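Observations on the three-dimensional arrangement
Here's the letter readout for the chains.
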Amino acid sequence: MSEVDVAIVGGGAAGALVLAHLTRLAGDRLRIALIDRGPGAFGSGTAYRTTDPAHLLNVRTSAMSAWPEQPEHFTTWLAANGHDGVTRDAFVPRAAFGAYLAALAGEAADGDRAGADVRLLHGRATGVHRGPDRWTITVEGAAPVHATDVVLAIGIEPPAQAWVPRRLRSRPRFVADPWRPGALDGVGPDDPVLIVGTGLTAVDVAVTLAARTRRTITATSRNGLLPYAHTTEARAPMPLDGSALPAGIRDLRRLVHGRVRDSIAATGDWRPAVDGLRPHTQALWTGLPEGDRREFLRRDLRRWDNARHRMAPAVAATIAALRAEGRLTIAAEHPSVAIAVAEPGSWIINTTGPDPDLAGSTNPLIQQLFAEGYVTAGPLGVGWATTGDGQLRDAFGAPVPGLWTLGSTRRGQLLETTAVPEIRAQALELAERLQDRPAPSRAPGPRVRRDRYGLPVLASARAAEHFDDAVRRVLRVQQGADAALDAATAEDPSFALAHTVRALLAVEGVIAADATDALAAAEAAARSGADARTASLLRAVTGRVRAGDPAGLLRHIDDFPRDALVVNACVPTIAFGGATQVPQHAWAIVERLAPVYGEDWWYLGLLAFVRQEQHRWTQSADLAERALAADPAGGHAAHARSHVYYETGEHRAGLAWLDGWIGGPGRAAFQGAHFAWHAALHELALERWTDVSARLRGRLSPRSVGGVRALVDSASLLWRCRVLGAPPQPVAIGEVLGVVPKELLTEPRTAFIGLHAAIALAAADDLAGLDVLGRYTAGRTEPAFDLVSVLVRALSAYLTGDYARTVELISRRTGEWVRLGGSDAQREVIDDTLLSALQRADRYRID
């Protein structure tokens, strides 16, 4: 067991630089631990652990010093360590910088030289837990480390795999992470290679494999753009007056384009214009409105990265030579298209870059931090949310005492935060903050409650029984909650909590009731008195009903975390409302509550659904089975289990399980049509067309389901049948649309409903209706309506036989469709449409 003042988790560049600056400033005043999972020297990390001498830094040596006041420090160190003749403008192998960082870590740990008490610990940190006055870091294969302050310097995550088709992930020639030791060792001299991605990692992989294979290497991305090259001769950056920075995306684009023109006119080179923006990038980013930042990520980021993060001249020359020799080709294609037309037996190398959303990480430390609510997603779902000096914010936005981060985890707030100069500045700022650490803060104690979930229910005994029945039905996703609430308020008309819950369930679409009337009844009942929980919920529901504002509900959960019914309403797994429209926000709420609910069957089911949304199938299945063992009728757990069966391709087992649940414990399910839809997806995958038809005649027929449910389940299923080549179905799309309110097709209130409106109109061959929907969505500014507009155009092209245009429009937004909301299985209808268009477009083929 180690007792330290500061524990740094992560021994790559960020961790090594924090350690170096902290020991330099604090001397012997602090005890410090640097924890790195290894293997290899401390300081090198993934980026600088490469042994290929052709992998060069993409920054000149003069910009890589650990000490901002000594820009020549790295260059001097190189000369003293066997790298003769290296100048300040050189681009040296990345391994050399890894050795430099390792030397800095070693010097910091040398007590005789640094004067500090530093411990270098090899082992993977698996958890960070808050105690009364310190943090405990659990380390795989080592004793726990106790610290007052923890710096999370975890570096960059492995490449994202959300784009990877399920059938590809298990193939031996698919390389999920090229930086995994030995990942490329199997590539032989006669093996064809497809690199997915055309950024700097793709360049490194191409350079390495070109020395190993005689075959042509293909690198592909949606835009087919390679990073630009540095010039051999360094040029001074073009200065920018930081006192009058643009505050909007259009003004920013005009500024950049104007600077580029001026720079070319003055020097013949555009690079000084871009380099002069570097000191101001973070201020430019934080000054943009959220909508403009989102637009930048969608439209400008890749071009900016290509111009900002450039290839070393020697690397660029190698790439140019490989292309000239025909040994490297660059293609602009959707990954699905590139894989479909790739030569049989090709190695598929994933270099697409990390997922900016850390909530889906498979790193157990990151999972634990989200689960316990110590972190939350950063702006636009990128990285983690922090204060201005790198202190992490928890799931409710409050700064977490003693928990800090730097580097890639702050990209959502700073944008430019992964290069050494930016990390160096953050490391110095953190060291200055931590050198004189404040007294530790005490963690809040637990709340004490009085009933099953620790909350009072102030009503007559019979009314309370009816209320408990209503809550149980809602948590199970069962029918009958409205009748139980009616019984509760009939038994006790002054039962303010029951009236308030009726208003909440009505506004969230769980029951068919008038939310305004229910709220008026709640306010009248509360005038005779209400406990703190009821008063808090009434304030929250009032804001939700009258202003559409969910913030009060989230504050209520903060104050009353064991109010399971309110959590359930805010984070629905089968619904069209909810206080959280961004999945990561819902995940943060659920994971924060793990210590509150423990093994409660309802909570396990909700957490199981979160885990399947994060593609953590095994954990989701385990949680769902534990929940169903406690309550076989639990709808959230059954829903999560259904998704896991489908996403893992267990169609026969999943269908058998679903049919058993639907006809048994789930027969009272409130969303029976949706479970029937899940079963139909398995039947589609198995090409059991007759069984699909039976579902459409039964639980999914217009006689059994209507409204939004008919649109999302029945209509989308009919379109899937069409694009997947199923025989004609017994239910016509016109019958389904007959039970769907017209306004859902013409003026959908959310992008998710808009997605399904577009699919339904396509299934009806209604080009005029698509045109109306397209005009409506084009005028909406709410999140993701831009994607509905794109989908409308793609579907219109499909209906008119312009399949290549459909492919182009859908492919262009790869990776963005998740913004529409819903589940992977629901959005899969877009993939099905893309594949159908690919098969029909003359210029594509699928082996």
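These remarks concern the structure in this document. (Residues numbered from 1 in each chain as written. Predicted model: local features only at pLDDT ≥ 70, side-chain atom pairs only at ≥ 80, totals over all residues. Heavy atoms only, no water.)

The alternating pattern of strand E5 (residues 135-139) places Trp135, Ile137 and Val139 on a buried face, while none of Thr136 and Thr138, on the opposite face, is buried. In terms of strand pairing, strand E4 (residues 125-130) meets E5 through five bridges, oriented antiparallel. Bridge pairing in E5 links Val128 to Ile137. Hairpin connection of E4 to E5: four residues between the antiparallel strands. Relative to strand E6 (residues 145-152), E5 runs antiparallel, the two being bridged by three bridges. Opposite Trp135, over in E6, you have Ala147 as the bridge partner. Here E5 folds back onto E6, and the loop between the two strands holds five residues, one of which, Gly141, carries a positive phi near 80°. (Buried < 20%, exposed > 50% of the residue type's maximum accessible area, 1.4 Å probe, protein only. Helix = DSSP H or I, 4+ residues; strand = E, 2+ residues; numbered from the N terminus. Pairing = 2+ DSSP bridges.)

Within the largest apolar cluster, 96 residues are counted, with the highest numbers of intra-cluster contacts made by Val128, Ile137, Val150, Leu152, Trp384, Leu403 and Trp602. Here this core takes nine residues from helix H25 (residues 601-613), the largest share from any one element. Look past the residues within four positions of Val128 in its chain and what remains in contact with it is Trp135, Thr136, Ile137, Val150, Leu152, Leu365, Gln368, Leu369, Tyr374 and Leu403. If you look at the next biggest cluster of nonpolar residues, it comprises 65 residues, including Trp677, Cys721, Leu744 and Ile810. (Core = buried A, V, L, I, M, F, W, Y, C linked by side-chain atoms within 4.5 Å. Contact = heavy atoms within 4.5 Å.)

The next subject is the packing of H25 against helix H27 (residues 635-647). Running from amino to carboxyl end, H25 crosses H27 at an angle of 25°, the nearest separation of the two axes being 7 Å. The pairing of H25 with H27 is recorded here as roughly parallel in orientation. Viewed along their axes, H25 and H27 form a crossing whose handedness is left-handed. Of the residues in H27, those touching H25 at Trp602, Gly605, Leu606, Ala608, Phe609 and Gln612 are His636, Ala637, His639, Ala640, His643 and Val644. (Axes fitted to C-alpha atoms, helices over the stretch in contact; angles between N-to-C directions. Parallel < 35°, antiparallel > 145°, perpendicular 65-115°, else oblique. Left-handed = near helix turned anticlockwise from the far one by under 90°.)

As a packed pair, helix H28 (residues 651-663) and helix H29 (residues 672-685) sit with axes 9 Å apart at the nearest point and diverge in direction by 155°. Overall, the two elements H28 and H29 adopt an arrangement that is roughly antiparallel. Seen along the crossing, H28 lies across H29 with a hand that is left-handed. Contact with H28, carried on its side by His651, Gly654, Leu655, Leu658, Asp659, Trp661 and Ile662, involves Phe675, Ala676, His678, Ala679, His682, Glu683 and Ala685 of H29 and no other residues of that element. For the contact of H28 with H29, a count of residues per class yields eight nonpolar, four polar and two charged. (Nonpolar A, V, L, I, M, F, W, Y, C, P; charged D, E, K, R; others polar.)

Time to look at H29. For H29, built from 14 residues, the straight-helix expectation of 20 Å at 1.5 Å per residue is met to within 8% by its first-to-last C-alpha distance of 20 Å. Taking burial as the measure, the 14 residues of H29 include 13 buried ones, the bulk of the element. Where H29 ends, the next residue or the one after it, Glu687, has phi of about 55°, a positive value. (Expected span 1.5 Å × (residues − 1).)

Even without glycine at this site, Leu380 takes up a positive phi of about 60°. Along the chain, Leu380 falls in the loop between helix H13 (364-371) and strand E12 (391-393). At Val477, a position not held by glycine, the phi torsion is positive, near 65°. If you trace the backbone, Val477 turns up in the loop between helix H16 (461-476) and helix H17 (481-491).

The next subject is the side chain of Ser620. Tracing the backbone shows Ser620 in helix H26 (residues 617-630). In this view, Ser620 contacts Ala608, Arg611, Gln612, Ala640 and Val644; residues no more than four positions away in its chain are not counted.

Next up on the list: helix H19 (residues 515-526). Relative to the 16 Å expected for 12 residues at 1.5 Å per residue, H19 spans 16 Å between its end C-alpha atoms, a close match to the ideal helical length. Within H19, burial applies to Ala515, Ala518, Leu519, Ala522, Ala525 and Ala526. Projected onto a plane normal to the axis of H19, the buried residues spread over an arc of 125° and lie on a single side. At its buried positions, H19 is contacted by helix H18 (496-507) and helix H20 (532-547). Capping the start of H19, Asp514 holds a side-chain oxygen 2.9 Å from the backbone nitrogen of Thr516, two or three residues further along. (Arc of directions from axis to C-beta. Polar contact = N/O pair within 3.5 Å; in protein donor to acceptor, adjacent residues only side chain to side chain.)

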